[in-house]
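Reading the structure
Here's the letter readout for the chains.
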Amino acid sequence: MSTNKQLEIKYSPKPVLEPKPGCDWADTMVLNPALALDEDGKTIHMLFRATGPWPSKNLKGKSDPYPIFLGYAKSTDGGETFEADFSKPALAPALAYEEDRMFVTNVYGQKVLNYANGCIEDPRLFKVEGQLYLTVACRLFPPGAYWEGDKRKDNLPDWAEDENNPIGVLANRNDTVTVLYQVDLDALAAQRYEDAFGYVGPLTDGNMSDNRDVFFFEKKMKIHGKNQLVMLHRPEKSYAFPTGEGVQTPAIFYAAAESFSDFVGEKAEHQLMAKSTFDWEEERIGASFPPISLGEGKWLVSYHGKQLPDYGYTQSFMIVEEQEDDFPIITHRMSERLIYAKQDWELPDKFLCPCIFTTGAVMIGEELIMGYGAADQKIGIAKVKLKELVEYVTQFDAEGKLVK
């Protein structure tokens, strides 16, 4: 398929960040950055995912765990270069194995289960009604060297191996739960990390399904008579959610609720947004970075598809439009993957499949600046004129067909 318009996307010729030798929490992988723009309109703040081996937390001798941390970096030259703080993580898992130590005090002063105890993955930064938030995919216990296979259970404590444990099957499976934090950007920029993050709570039910790629539209929308927060999420078990019946691959869903605490439970309303359609999406699709407002109720949504062994993880875009008293609908969806591994440093290394994964974006002037993880090991930056990108996406209709 060929399009009428040409689109120029500029990519980093080399990584802007990569693993730091000798840094125990970031010497193996540095990837999947979240981005936020400072009030000065030019400084870009980054939270990045990082990991390294942690032999002191090897519980049963099966494999060293690789807990996942968030590090901080910033750019003052429009994303051309980033200065990272490798002296300490910005946000770290507690790594407790005793059930009575796996608790944290949330922003409401309540002692609650710390779903971010084992690892903190794939950050997304976004604002909702003026407040900056962070979502992260978390596990209760640190996995082993996950690129070598499924090692989620290598360091489970004895009590968690029992499916009837007090937490539920989540602890036994060590699946991901998405957690919400409030973020103080001034504290983060000053590297006062202990003051930068406030634990709000879980947004997904780990006993129902592994669930990640979660974030919000920046404003509330009227959905079925109520002014509600609107969330995107990607459950592993699509068929377990209303309107996802019969969908056997992970897909993108909307969820709406009046408060953050209502997303786990029966008060939240879920609706299938999009499922795998094209060959490069065969195994799953999920949203990538938080929606960009285009005005007049229209939003640019970035998303990824997965298909092995040919494509790996690749990125594309769709446009959705708000509806009167209902969830937004897709008006344009690309049938072609737009962002994928091309450069030598982006190609597979530890993982066998190609992987380009965008998790953050900011606007500086007319330019959309996107951060991406490459080969699950390094970080790159891609830049494109937003107007030109939107014009390119609108060549396709809601089903991905070229508009004549």
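The structure this text deals with has already been given above.
Residues numbered from 1 in each chain as written. Predicted model: local features only at pLDDT ≥ 70, side-chain atom pairs only at ≥ 80, totals over all residues. Heavy atoms only, no water.

**A closer look at the environment of tyrosine 254**
Structurally, tyrosine 254 is set in strand 15 (residues 252–257). Residues tyrosine 254 and glutamate 269, 15 residues apart in the sequence, show an inter-C-alpha distance of 8.1 Å. For tyrosine 254, the side chain forms a polar contact with the main-chain oxygen of proline 328, separated by 3.0 Å. (Helix = DSSP H or I, 4+ residues; strand = E, 2+ residues; numbered from the N terminus. Polar contact = N/O pair within 3.5 Å; in protein donor to acceptor, adjacent residues only side chain to side chain.)

**Topic: the state of the cysteines**
Overall, the coordinates contain zero disulfides when judged by the stated rule. You can see cysteine 23 has no disulfide; the closest cysteine sulfur is in cysteine 119, sitting 17 Å from it. You can call cysteine 23 buried: its relative accessible area is 7%. Cysteine 119 carries a free sulfur, and the closest cysteine sulfur to it, the one in cysteine 138, is 6.8 Å from it. Classification of cysteine 119 as buried rests on a relative accessible area of 0%. (Disulfide = S-S within 2.5 Å. Buried < 20%, exposed > 50% of the residue type's maximum accessible area, 1.4 Å probe, protein only.)

**Quick look at unusual backbone geometry**
Comment: phi is negative for the bulk of residues other than glycine, and the bulk of peptide bonds are trans. For the bond from leucine 308 to proline 309, the omega torsion is 5°, close enough to zero to count as cis. Inspection of the secondary structure assignment puts proline 309 in the loop between strand 19 (298–307) and strand 20 (312–323). Notably, glutamate 296 is not glycine yet its phi reads approximately 55°, a positive angle. Locating glutamate 296 in the fold gives a position in the loop between strand 18 (292–295) and strand 19.

**Here's the deal with the pattern of salt bridges**
The tally for this structure, following the rule as stated, stands at 24 salt bridges. Across the pair aspartate 210 and arginine 234 runs a salt bridge, and its minimum N-O distance is 3.8 Å. Of this pair, aspartate 210 sits in the loop between strand 11 (197–202) and strand 12 (211–216) while arginine 234 sits in strand 14 (residues 226–235), placing them 24 residues apart in sequence. Residue glutamate 283 pairs with lysine 306 through a salt bridge whose shortest N-O separation is 3.8 Å. (Salt bridge = Lys/Arg side-chain N within 4 Å of Asp/Glu carboxyl O.)

**Considerations on the sheet that holds strand 23 (residues 367–374)**
Overall, antiparallel pairing links the four strands, which are arranged 1-24-23-22 in an open sheet. Both outer strands of the open sheet, strand 1 (10–11) and strand 22 (356–364), are each paired with one neighbouring strand and no more. Note that strand 22 and strand 23 share eight bridges and pair antiparallel. Its bridge partner lying in strand 23, phenylalanine 357 is registered against glycine 373. (Pairing = 2+ DSSP bridges.)

**Some words on the sheet that holds strand 5 (residues 83–85)**
Pairing is antiparallel in the open sheet, where four strands are placed in the order 2-3-4-5. Both outer strands of the open sheet, strand 2 (29–37) and strand 5, are each paired with one neighbouring strand and no more. Averaged over all neighbouring strand pairs, the angle between strand axes comes to 30°, with direction disregarded. As paired strands, strand 4 (residues 68–75) and strand 5 are joined by three bridges and run antiparallel to one another. Each residue of the ladder has a partner; that of alanine 73, found in strand 5, is alanine 84. (Axes fitted to C-alpha atoms, helices over the stretch in contact; angles between N-to-C directions.)

Nothing here speaks to function; it is all geometry.
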